Amino acid sequence: MATASAQAADLPVKAKAVEYVKICSLYGAGFYYIPGTDTCVQIGGHIRVATSFNAGTYDLPYYQSGAGSSELNTKNYFQTRERFGLNVDTRTATEYGVLRTFATVLFDFAQGRENISGGFAEVDYAFLQFAGFTFGKAVSNFDPQWALSKPTIGGTGFLSGSNNATGIAQLAYTASFGNGVSASIALEDGSPYRNAGVYNTANFLIAPGQATYLGTTFGGVNGTNTFLGNSSGGDHIPEIVGNVRLDQAWGSLHFSAAGHNIQTGFYGADESTGHPNDEWGYAVNGALEWKTLPTGAGDSLKVEAGFANGAAKYMFGGTYDTAGGGRFAKFSGKSLAFGYVLDGVFGPGGQIEKSNAWNVSAYYEHYWNPAWRTSLFGSYSRVEYNSNATALLFTAFGAGPSGGKLGANSNTSAGATSGFLNATGDFSFGVAQVGTRTAWTPVKNLTIAAEFMYTRLDQNLNGTYSGAVAGKAGTAGTAAGTYQLTDQNIYTGSVQILRSF
């Protein structure tokens, strides 16, 4: 018996089973079970290297947020950006449906862009979905489902309505009715993406004795001098957004609407002067996608159109100007086009005169073969001001013998160099664009693409601007002179290498 016990003690002990990672096929390719749990996770990302020509590197064209003069020798003719993105997607089946979390973290470095040293990091998406609810930063419910799959490179300032390249913080609920029909209602934190700003035509003096107009600087090609209006109030009420969708194998239909609350500052220097009443603006949108075209397998056509009253950024969206409304300006030779994108305008003791804006955009993509595809895209965006708003703007900017003051930096004291506007017409402004992209995918998840785009700045002022044109921040600009107000053309391009995993 002793011998038998000794022999038993010498027998090997059975090892604990190794817990291998198992594939999770419930939610598509790339998901795995987190060991020891019933949660599936997918980890992916991309590396993108892109160079833009005659444009910025982050949806910031030279005609926006700066003078954009093709004459300036100090301008960067090209700019390069490198980006690393990491996505984490987790899903767990529960009795209430799938519990999902998703986040995207991006690390960027952009050469030639002011105010960036060593690159920057950003979180474009971070949301949780449960029982039909969405909490966090996700694609706006105003935008169609294909908002993130437009066949463009980006970075050259293509305007496509609301479509933001980053998510918008929201609390949303989506109800599914079967057969691909669903509807959503959401409260979205639209700041800063939805705020175009308001202009107080009475409040253009910074302090007694100073004669500078707030927010009207032209200085800083691709810089930080964006035009925000001069009297935007704080956010009081979230954006109220709803949509109805139909998603089918052939494509999709999308209809959406949004309510946008507009607030202002005071008529004068402080609260004792009073302020206009808050106003409600709105935006509506419709989008259509065809994915089964007779032109070939994989071909698609996407069309979108929208209108906004007092909610201009729903039509002039994107990341090209997340700080506020937007100013478009381009000098060429002795001519100039410029315009402002605002939610509204008000004067002394008056109420907000809301703007009207609209956008239509379309994308067609054709696959020559599985490796090669070409897209053609175009859009027209326009903002208009009624007769009362136009009169107020001319009062502020001046169309009389001496003209109105433009171009003085908001920190400059009286008597500093500035420009003068002497014009008739109105401040309505449009941007027409057409472009094409060709992409080559030599192996799976590697795409090399090139894009070209033409932009026409369609302004409606007749007259002249007199003064100097500032260059890029810290550099010289053009000499003082008189510039004819006319429409302007600009040509931009981009090349990109994208590796996804």
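How each quantity is defined
The numbers attached to residues start from 1 for each chain and follow its sequence in the written order. Predicted model: local features are reported for residues with pLDDT of at least 70 only, side-chain atom pairs are reported and counted for 80 or more only, and whole-chain, interface and lining totals are derived from all residues. Water and hydrogen atoms were dropped before computing side-chain values, which therefore reflect all heavy atoms in the structure. By convention in this document, the label disulfide applies to cysteine sulfur atom pairs within 2.5 Å. Runs of H or I in DSSP of at least four residues are treated as helices and runs of E of at least two as strands, each being numbered from the N terminus. Note on definitions: salt bridges are taken to be side-chain nitrogens of Lys or Arg within 4 Å of carboxyl oxygens of Asp or Glu. Only protein chains enter the accessibility calculation, which uses a 1.4 Å probe; a residue whose area is less than 20% of its type maximum is buried, one above 50% is exposed, and one in between is partly exposed. Only centres within 6.5 Å qualify two rings of Phe, Tyr or Trp (six-membered ring in Trp) as a pair; their planes then separate them into stacked at under 30 degrees, edge-to-face at over 60, and tilted for everything else. Charges are assigned to positions over rings by a cutoff of 6 Å between ring centre and Lys NZ or Arg CZ, combined with an angular limit of 35 degrees from the ring normal. Remark: nonpolar core denotes a set of buried residues (Ala, Val, Leu, Ile, Met, Phe, Trp, Tyr, Cys) joined through side-chain atoms within 4.5 Å. Here, residues are in contact when the closest pair of their heavy atoms is within 4.5 Å. Pairing between strands requires that DSSP locate at least two bridges from one strand to the other. We define a polar contact as two N or O atoms separated by no more than 3.5 Å, with the added condition that, inside protein, one atom must be a possible hydrogen donor and the other a possible acceptor, whereas residues neighbouring each other in sequence contribute only through side-chain atom pairs.

Moving on, we come to the state of the cysteines. Under the criterion given, the structure shown has one disulfide. Between Cys24 and Cys40 runs a disulfide, and the two sulfur atoms are separated by 2.1 Å. The chirality of the disulfide connecting Cys24 with Cys40 is right-handed, given an S-S dihedral of about 80°. Here Cys24, found in the loop between α1 (2–9) and β1 (32–33), pairs with Cys40, found in strand β2 (residues 39–53); they are 16 residues apart in sequence, far enough to count as distant.

This next bit is on the pattern of salt bridges. Applying the stated rule across the entire model yields twelve salt bridges. Between Glu289 and Lys302 there is a salt bridge, and its shortest N-O distance comes to 3.7 Å. Of this pair, Glu289 sits in strand β12 (residues 279–290) while Lys302 is found in strand β13 (residues 300–309), placing the two residues 13 residues apart along the sequence. Here Glu365 ties to Arg437 by a salt bridge, and the two come within 2.9 Å at their closest N and O atoms. Note that Glu365 is positioned in strand β18 (residues 356–369) and Arg437 in strand β21 (residues 419–443), a separation of 72 residues in sequence. Take Glu365: its relative accessible area is 9%, and that puts it in the buried class. Each of the salt bridges in this network shares a partner with another, and the network as a whole consists of Arg81, Arg83, Asp108 and Glu122.

Scanning the entire structure with this criterion turns up 17 aromatic pairs. Sitting above the plane of the Tyr483 ring, Lys334 keeps its charged end 5.0 Å from the centroid.

Phi at Ala131 is positive, roughly 55°, even though this residue is not glycine. Turning to its location among the elements, Ala131 is positioned in the loop between β5 (120–130) and β6 (133–138). Of note, Asn179 is a non-glycine position whose phi angle comes to about 55°, a positive value. Tracing the backbone through its elements, the reader meets Asn179 in the loop between β7 (168–178) and β8 (181–188). Using a relative accessible area of 71% as the deciding quantity, one classes Asn179 as exposed.

Let us now look at the nonpolar core. In this structure, Tyr314, Met315, Phe316, Tyr385 and Leu485 are the most contacted members of the largest nonpolar core, which totals 38 residues. Elements with a minimum of two residues in this core: β15 (335–340), α2 (387–397), β21, β22 (446–469) and β23 (478–485). With five residues, β21 is the single largest residue contributor to this core. Aside from chain neighbours lying at most four places away, what touches Met315 is Phe142, Gly161, Ala283, Val284, Gly306, Phe307, Ala308, Ala357, Trp358, Asn359 and Ser381. Ala287, Tyr363, Phe377 and Met453 belong to the second-largest nonpolar core, a separate cluster that totals six residues.

A few words on the sheet that holds strand β16 (residues 344–346). Sheet strands pair via backbone hydrogen bonds, and the direction of the pair is either parallel or antiparallel. In space, the three strands of this open sheet follow the order β9-β16-β17, with mixed pairing throughout. Edge positions in the open sheet fall to β9 (198–200) and β17 (353–354), since each of these has one partner strand only.

Turning next to the environment of Lys354. Position of Lys354 among the secondary structure elements: in strand β17. It is 6.4 Å that separates the C-alpha atoms of Lys354 and Asn309, two residues lying 45 residues apart in sequence. When sequence neighbours within four positions are dropped, the list of residues in contact with Lys354 reads Ile262, Glu279, Trp280, Asn309, Gly310, Asp343, Gly344 and Asn386. Here Trp280 takes part through its backbone oxygen, which lies 2.9 Å from a polar atom of the side chain of Lys354.

Everything listed is a geometric property; what it means functionally is a separate question.
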